[in-house]
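Chain by chain, the residues run as shown.
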Amino acid sequence: MVQKYQSPVRVYKHPFELIMAAYERRFPTCPLIPMFVASDTVNEYKSEDEAIHVIERRCKLDIDAPRLLKKIAGVDYVYFVQKNSLNRRERTLHIEAYNETFSNRVIINEHCSYTVHPDNEDWTCFEQSASLDIKSFFGFESTVEKIAMKQYTSNIKKGKEIIEYYLKQLEEEGITSVPRWTPPVACKSESSTSHPRRPVSPAINIPESATKEGLNNKEILNSSSSPSEPTAGTPDDKLDADYIKRYLGDLTPMQESCLIRLRQWLQETHKGKIPKDEHILRFLRARDFNIDKAREILCQSLTWRKQHQVDYILDTWNPPQVLQDYYAGGWHHHDKDGRPLYVLRLGQMDTKGLVRALGEEALLRYVLSINEEGLRRCEENTKVFGRPISSWTCLVDLEGLNMRHLWRPGVKALLRIIEVVEANYPETLGRLLILRAPRVFPVLWTLVSPFIDDNTRKKFLIYAGNDYQGPGGLLDYIDKEIIPDFLGGECMCEVPEGGLVPKSLYRTAEELENEDIKLWTETIYQSASVFKGAPHEVLIQIVDASSVITWDFDVCKGDIVFNIFHSKRAPQPPKKDSLGAHSITSPGGNNVQLIDKVWQLGRDYSMVESPLICKEGESVQGSHVTRWPGFYILQWKFHSMPACATTNLPRVDDVLASLQVSSHKCKVMYYTEVIGSEDFRGSMTSLESSHSGFSQLSAATTSSSQSHSSSMISR
């Protein structure tokens, strides 16, 4: 497996020329890097005006590896080739390095660049990327990979220290500035007509935009906006090392690299706004910085947030009065670490009454709003305290907890809430203080604990009786001045006291069931599964020609082909049985097929849009102005199917066989609308508005650009 590293942008608050003077002192050896034994110049080139200086060195490294491994490999030292391309006119240095030793077994490539800060010409930026690919190494591939990554991480940490060491050395020698390069008199005319920022080193093809990082503008860095087609090197692609430390905390070089790479992947894949860096980092931490695992759960969460409009729950959803009166929880100042503090008087809360009066979905939505408010408070406290605060503390008072809290539907609701929160808000709980735990608590803990992540469980501190008042108790985590009055403190806490919910507010099972459906499916989107050999199709009847069919869909899993067909006659309605040729019911979602297997393309129906291939993660929005009345069919089809497969639907046995293969399953979430041509502009504005309410993920979308009629891309 290829290991990759991408650094954030590191800023030296010194001019480029002074940084170059410090950098040159690293050669031929560097005492700060003991493994760097020696270096010899093998090639060197200088232009006549001395603006260009290209030097190639052969570097000798003494890798810290077990002696047995060195003996097996038959070498004591490892040699690298490093090519430095300095352009004094453009004030850039590009570095390319690769291994010479074992180059047929191990492939190491590194690219570094020193450039002038885009907003301050007296500052210098540095960034680097590298890749490691071990093809074979005498059966010690895993060991060599660990040694290489350990050595590389160690050297990365010292990189900035080395430059600062030599800067201090220059200062002690009285060198605090180095004049900029100026063209010789004979070259001035040539220089005046030369084009600035021209690529210098042919060995490293770095686009011009790659040297322009938005490092000063923290709002740009922290905002999640990105163009509909981001290009490598835009300000949104870069993260400043100082910004990471200030807003995200101390990360190892490899952790920084994981954050930047996952962020770039989201930008390139989702074609729109991406989550804030703090949010991405939580998912990385939840999976120990395994990018593949973090990417999987993050993408699932982003789809979930879009489907249920969670990004806007604080602005669009008002908790029922019953919750405001009887839910005994609320925010209360902050702990000693600056984390927002949430107080929950669970023992005083009538969980059975709340579930009977509101249903499970209302409680779940209320908990989601609490978590969203917690994220907002973390951002505020980060600014107030001047250090990264990414989680909150929860104080749970269990006084009054008894067997009524173990009511089966209530426990079921609690377990589902825990499952949803664990999946979508990882690493947001910094500490959980459970106070005055009664004898019945172990029973509840036995039921709940298996659903709590191991890392989260380690953050639980449980106190029985009044143990929280002694050493190691509440005072170690919360200032005395803000301990709530009901826990013996002097601070008035505005958290509702809870109490029994009047039975007059209870609703029948039928009412709760209907309310559940209304609350949890409160979205204009529908979900569908697309299988290999079984596309999903939607029928739209058009009475007036020149009507406009609009669509908005997200490819949640797999790659699909999107088609639009027209037919003068209506397809037969899908059969009710789940095994019929026209309808497939599966646990993964709805799947409907309308085009009869005996229909022929060009005779029974026609294609009115060129096929559009959509990749996993894409958000697509577009429209089609109809030419004729009749029946239009929107089709989402498995990508790898031959084009002719639309005319020959498979038999039931083939479809059922394809369902057994998980890799042959795609999922889409879609919304369609038919409007009159005279209302086209206004309705699209409405569609764009509702689209922006799903999630920031799809603020910029792609569209069917091949439409021969009319299409529009939401801005």
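As the structure is a prediction and not an experimental result, all values here were calculated from the model. (Residues numbered from 1 in each chain as written. Predicted model: local features only at pLDDT ≥ 70, side-chain atom pairs only at ≥ 80, totals over all residues. Heavy atoms only, no water.)

> How should I be thinking about the packing of helix α7 (residues 253-270) against helix α9 (residues 291-307) in this particular structure?
When two helices pack together, their arrangement is given by the angle between the helix axes and the distance between those axes. Contact pair α7 / α9: the axes reach a minimum separation of 11 Å and the direction vectors enclose 45°. Comparing the axis directions of α7 and α9 gives the class oblique. Two packed elements cross with a definite hand, and for α7 against α9 that hand is right-handed. Contact residues: Cys258, Arg261, Leu262, Trp265, Leu266 and His270 in α7; Ile291, Ala294, Arg295, Leu298, Cys299 and Leu302 in α9. Class assignment for the residues of the contact of α7 with α9 results in 9 nonpolar, 1 polar and 2 charged. (Axes fitted to C-alpha atoms, helices over the stretch in contact; angles between N-to-C directions. Helix = DSSP H or I, 4+ residues; strand = E, 2+ residues; numbered from the N terminus. Parallel < 35°, antiparallel > 145°, perpendicular 65-115°, else oblique. Left-handed = near helix turned anticlockwise from the far one by under 90°. Contact = heavy atoms within 4.5 Å. Nonpolar A, V, L, I, M, F, W, Y, C, P; charged D, E, K, R; others polar.)

> Got a minute to help me understand the nonpolar core in this structure?
It is characteristic of soluble globular proteins that their nonpolar side chains tend to be buried jointly. Grouped together as the largest cluster of nonpolar side chains are 51 residues, with contacts concentrated most on Leu323, Tyr327, Leu354, Val396 and Leu398. Listed by contribution, the elements that provide at least two residues to this core are α11 (321-326), β10 (340-344), α12 (351-358), α13 (360-385), β11 (392-397), α14 (408-424), β12 (429-437) and α15 (441-448). Tallying contributions element by element places α13 first for this core, with 9 residues. Here Tyr327 is in contact with Val322, Tyr342, Leu344, Met349, Leu354, Leu363, Tyr366, Val367, Ile370 and Pro496, once residues within four sequence places are set aside. Counting residues in hydrophobic clusters, the runner-up holds 45 residues, among them Ile63, Phe102, Val116 and Tyr166. (Core = buried A, V, L, I, M, F, W, Y, C linked by side-chain atoms within 4.5 Å. Buried < 20%, exposed > 50% of the residue type's maximum accessible area, 1.4 Å probe, protein only.)

> Honestly, helix α8 (residues 277-286) in this entry has me stumped. Any pointers?
Along an α-helix, residues three or four apart share an orientation, since each turn contains 3.6 residues. Most of α8 is tucked away: 9 of the 10 residues are buried. Residues of α8 that are buried include every one of Asp277, Glu278, His279, Ile280, Leu281, Arg282, Phe283, Leu284 and Ala286, and no others. Two residues or fewer after α8 comes Asp288, characterised by a positive phi angle close to 50°.

> Could you clarify how one ought to interpret the packing of aromatic side chains in this entry?
Two aromatic rings are characterised by how far apart their centres lie and by the angle between their planes. Considering all chains together, one arrives at 22 aromatic pairs under this definition. Taken together, a centroid distance of 5.4 Å and an interplanar angle of 45° make the contact between Phe562 and Trp636 tilted. Placement of Phe562 in strand β17 (residues 560-567) and of Trp636 in strand β23 (residues 630-638) is noted, with a sequence separation of 74 residues between them. In terms of burial, Phe562 and Trp636 fall into one category: buried. What links up through ring pairs into an aromatic cluster is the set Tyr12, Tyr23, Phe27, Phe36, Tyr114 and Phe126. Taking NZ or CZ as reference, Arg57 lies 3.7 Å from the ring centre of Phe27, over its face. Across the ring face of Trp265, the terminal group of Arg295 is positioned such that the distance to the ring centre comes to 4.8 Å. (Phe/Tyr/Trp six-rings, centres within 6.5 Å; stacked < 30°, edge-to-face > 60°. Lys NZ or Arg CZ within 6 Å of the ring centre and 35° of its normal.)

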